[in-house]
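Read off the chains here:
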Amino acid sequence: MVVNVGSFSDSEGLEGLAHFLEHMLFFSSEKYPEEDSYSKYLTEHGGHSNAFTAAEHTNYHFDISADYLEEALDRFAQFFICPLLSADATSREINAVHSENSKNLTMDMWRMNQLTKMVSSKDHPFHKFGTGNLETLDIGPKSRGIDTRDELVKFYKTHYSANLMRLVVYGRDSVDELANLVHNKFNLIKNTGKKAEKFSGQPCLPEHMQIIVKAVPVREGHNLEMMFPIIPEIQNYISAPSRYLGHLIGHEAEGSLFALLKKLGWANALSAGEIDSSLEYGFFMIAVELTDIGQEHMEEVASLTFQYIRVLQQEGVAEWMFEEVRAVCEMKFQFQDKRPPISYVTDLAGNMLLYPSRDWVAGSSLPRRFDAEIFSGLIEQLKPERVRIFWYSKQFEGKTSEKELWYGTDYIIERIEDKLVQEWSTARTHEKLHLPKPNVFIPTDFVLRDPEPKVDHPFILRKTKMSRLWFKPDTKFRTPKACIQMQFNCPESHYSPEASVLTRIFTKLLVDYLNEYAYYAQVAGLNYGIVTTATGFQVSASGYHHKLIALVEKIIDKVVNFEVEEERFSVIKEKVMKDYLNFRFQQPYQQVMYNCSILLEHKRWHINEFIEVLPSLEARDLIAFYPRILSRIFLECFIAGNLTCTEAEGLVEQIENSLADGPLIKARPPFQSQHTEQRIVKFGPGADWYYPIAGTNPHDDNSALQTYFQIGQDNTHMNALLELFVLAAKREVFHQLRTVEQLGYVVSLMSKNDFGVRGAHFIIQSTAKDPRGLEERVEVFLEQFENDLQKMSDEDFKKNVYTLIQIKLEKHKNLWEESRFFWGEIEDGTLTFDRPQVEVAALKMVNKEDLLSFVAQNIARDSPNRRKLSIQVYGGQHLAEFKAAKSEAPGEKTSKVTSEDAAEGVGDVVDGKFSPRAAADRIDNIYTFKRSQQLHESSRGGKHTAYA
């Protein structure tokens, strides 16, 4: 459901009200007064829900197992018929909105987006802050005698009218049956005849153009954003002028703006296209990620950008190029993959607000008419005197004079001198700038091959001492597409931190060298990636089968004939270092997950070690190391889709021959002792560890907790019980810890799979409590959950089992989903390709007593067999608590129960007296800890592998 009202309609002094209302509608209604019963019903029946508030609309969406659509729709309809909006829930949920905003305060995306709004007309709603926080929704209104709940109800009654809503329902029933269902469930929504608000006028006045805004980001790096107010594409979507110009300005092949900037060593990335558009206004943005050298040449970067725009003005309005764009869009539309229904209905409902009914499905994805006048008109709007330049770099620290109100971003606004505008307008066009060539990668062969053999699972088509090829022809989706995954297991690639860093630079240089050639392939619907992995590097390619093999052959040619260009090495080295340094600014919940992985994985270097060794590495080190990376290789390959056995086998054979007989390398199979293994720390019964660390960003007040329960190595019965526990508990986790206790915006319970070792983990990010306080609330929750589980009726237990079965039996929507599942089994070494069916069979055999026993053995606090690890990241607001946690004697058993918790009865009663429970053993050194622990056996390199 899309409602045609958003944050632009917030009253002054109540910023975030529309977003707050979006939160509140999830709580309860007159018909279903139990709090969170909507979300609970969805979770119990394999569903999900979400919502978002945009400038001029709010989107609510859910999915659910098809058998339960009717009641889910009835519950959903109450959002728009009779929500309770209770005073108690209102006062609590303000904290959730505040927590959501707090999470965003240190994220540059949010900070810089608000800065662009701040530098605009105060009389236009584009200028507003839309998220909301405690000040705008509680403290401020109270100080002025305003009741936020009253305003919330007033906003709802004013704007939530049936004529302003657009609904999409996707189900397996007939259209007539679904229409009747909708009529019965939604006919009570009031239609007040309210007209959608129109926000006329432009957000940018003359004083907001021809300016440079210099701002200080949180993260390392330099970014240049050139923004131009334009006529929004929605007014001309049949011709799609912004898409067309974005295609040309954002092109990366030879002759493009990016290719030249990259050649000069000034840019790492470039993108172009329309952003922040409405029916009345839009912005065209050209975004450039600058290198350190590029930062010193900002004016020249801008000049080259305007030079390329002049090339477009003179030559770029060409019908043949538009036809190429149109053909690619039409091909993508015709052969689009089926996608998750929740994603489909979300987009479709949004389209219903914007387009006439004939274009609801296609939206703006199908440009149809070449209109030279419209294209030229858009180019005319991209002039130096209309530009708004936002330039972000830490080099501006101490050189700013203003602070943005909502996120605290330091900035300064400077006028671009007319002289510089004149220089940009008249500079001679660089000889290297020209339009792209016709795209030879656009496929023309869409013939579907007869899938042979007709199998449901991958099988080994080819196996040697150096490679293993898994093959799975497309027997389900019947599209002219294919997927190729190749894991290059290289024993030498990660034997030291230096080796790991050099391997990463190697893969990034490969992508860098391929870019001008492969960009045409990406435009034509072929995607590829080259990334480092724990055991070497991985090459993936997917898309239309016609020219996919040719792309992979080119990639392998670059691998085999790799050369180190010193200038590009320096640029990539700089980029890699910034990536490492920016780890400090990850969200605390991301930091706890990273540190958990470091603690669990037997062989993994820490990012701090990479930061230490990288500065001393030079191009000559990679020149010397490259032959070592590829000296010993085992290639694990998976090919699926519209390709034949002969094509798949021929490709892998060619790759193996190229590696074994290259000009610079003569790859050989690994020795038995070098074959891949991925091992996870094995906790003993009763293990209870905690690892306290300070957050790496001192300006982030958020703390985070990850509480991990290790269950064991991949086992069908165990997996079934683990997932049943997570399903039964996760909705209550969200309700109790987030909605009721308001611990934070990020609250979740999930299953965890580390190379086939299974577990469950809680993730909470909070300013309300420090990690120890969060952990104790998790323990209290688990005690209550165990009690509730014991009282659960057999009928409710069977419902959970049935829901999990439905989730597992949900069919893959497209080739990529299916291939990701199969490749995951191959990567982990578990090779259970019929896992859904096997685990469903196990689920049908479990009973409530099995689940109770599982929880008592693996999750319950008093279990002698429980294996627990707690990762605690202390934010800036909880540094005193961090010092206390670190001041305890190593290995000392101390209470983690606070006086507040004691008052709530957390602990044991011994001889009639309250006794706080003993806490865990502290981990002070990751590597000392890991060396003291046993290890699970490795699924990879074990009995299933080709070289066992």
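Source: prediction; values computed, not measured. (Residues numbered from 1 in each chain as written. Predicted model: local features only at pLDDT ≥ 70, side-chain atom pairs only at ≥ 80, totals over all residues. Heavy atoms only, no water.)

A.B. asks: Please explain the overall build of the chain as it appears in this structure.
C.D. replies: Looking only at helices and strands, the chain has 32 helices and 27 strands in total. Scaling as 2.2 N^0.38, a compact globule of 948 residues should have a C-alpha radius of gyration of about 30 Å, and the chain matches this with 29 Å. Based on the C-alpha atoms only, the size of the chain along its principal axes is roughly 90 × 75 × 65 Å. Considering the chain as a whole, with its 948 residues, one finds that 57% of them fall into the buried category. (Helix = DSSP H or I, 4+ residues; strand = E, 2+ residues; numbered from the N terminus. Rg over C-alpha atoms; globule rule 2.2 N^0.38 Å. Buried < 20%, exposed > 50% of the residue type's maximum accessible area, 1.4 Å probe, protein only.)

A.B. asks: Got a minute to help me understand the environment of Met-112 in this structure?
C.D. replies: Residue placement: Met-112 occurs in helix H5 (residues 108-118). Along the chain, Met-112 and Phe-569 lie 457 residues apart, while their C-alpha atoms are 30 Å from each other.

A.B. asks: What's the story with the packing of helix H9 (residues 241-249) against helix H13 (residues 319-334) in this structure? I'm lost.
C.D. replies: The description of two helices packed together rests on the angle between their axes and the distance between the axes. Look at H9 against H13: their axes get within 11 Å of each other, and the N-to-C directions meet at 105°. One element, H9, and the other, H13, form an angle in the roughly perpendicular class. Across the interface between the two elements, Arg-243, Tyr-244, His-247 and Leu-248 from H9 touch Met-321, Phe-322, Val-325 and Cys-329 from H13. Residue classes in the contact of H9 with H13 are distributed as 6 nonpolar, 1 polar and 1 charged. (Axes fitted to C-alpha atoms, helices over the stretch in contact; angles between N-to-C directions. Parallel < 35°, antiparallel > 145°, perpendicular 65-115°, else oblique. Contact = heavy atoms within 4.5 Å. Nonpolar A, V, L, I, M, F, W, Y, C, P; charged D, E, K, R; others polar.)

A.B. asks: Help me understand the UniProt feature "domain: Peptidase M16 middle/third" (unreviewed entry) in the chain, please; the structure alone is not making it clear to me.
C.D. replies: The feature "domain: Peptidase M16 middle/third" (unreviewed entry), as annotated in UniProt, sits at residues 333-612 in this numbering. The span residues 333-612 is 39% helix and 19% strand, and its two end C-alpha atoms sit 48 Å from each other. (UniProt positions renumbered as here; feature names shortened; annotations may be inferred.)

A.B. asks: In this structure, what is going on with the UniProt feature "domain: Peptidase M16 C-terminal" (unreviewed entry) in the chain? I would like to understand it.
C.D. replies: When the UniProt feature table is mapped onto this chain, "domain: Peptidase M16 C-terminal" (unreviewed entry) is found at residues 148-327. Taken end to end, residues 148-327 is 40% helix and 19% strand, and its two terminal C-alpha atoms sit 52 Å from one another.

A.B. asks: Explanation requested: unusual backbone geometry in the structure shown.
C.D. replies: As a rule of thumb, non-glycine residues mostly have phi less than zero, and peptide bonds are mostly trans rather than cis. In this structure, Pro-453 follows Glu-452 across a cis peptide bond, with omega equal to -10°. Position of Pro-453 among the secondary structure elements: in the loop between helix H16 (418-426) and strand S12 (459-463). Of note, Asp-36 is a non-glycine position whose phi angle comes to about 65°, a positive value. Here Asp-36 shows up in the loop between helix H1 (17-24) and helix H2 (37-44). One non-glycine residue, Phe-755, adopts positive backbone phi at about 50°. Examined against the element boundaries, Phe-755 turns out to sit in the loop between strand S21 (746-754) and strand S22 (757-766).

A.B. asks: Could you clarify how one ought to interpret the sheet that holds strand S23 (residues 868-874) in this entry?
C.D. replies: Sheets are built from strands paired through backbone hydrogen bonds, the pairs being either parallel or antiparallel. As summarised here, the arrangement of the 6 strands in space is S21-S22-S20-S23-S19-S26, forming an open sheet in which the pairing is mixed. In the strand order of this sheet, the two ends are held by S21 and strand S26 (921-922), each with one partner. Here strand S19 (residues 688-694) pairs with S26 via 2 bridges, running parallel. In the strand pairing of S26, Tyr-690 is matched with Arg-922. Each of S19, S23 and S26 touches helix H30 (residues 879-887); the most contacted strand, S19, lies at about 135° to it. (Pairing = 2+ DSSP bridges.)

A.B. asks: Teacher, can you tell me more about the sheet that holds strand S6 (residues 222-230) here?
C.D. replies: Taking strand neighbours across the sheet as the criterion, the 7 strands line up as S7-S8-S6-S9-S5-S11-S10 in an open arrangement whose pairing is mixed. Both outer strands of the open sheet, strand S7 (267-275) and strand S10 (402-403), are each paired with one neighbouring strand and no more. Both strand S5 (residues 211-215) and strand S9 (residues 388-393) contribute to a ladder of 5 bridges, which runs parallel. The residue bridging Ile-212 from the neighbouring strand is Ile-389, located in S9.

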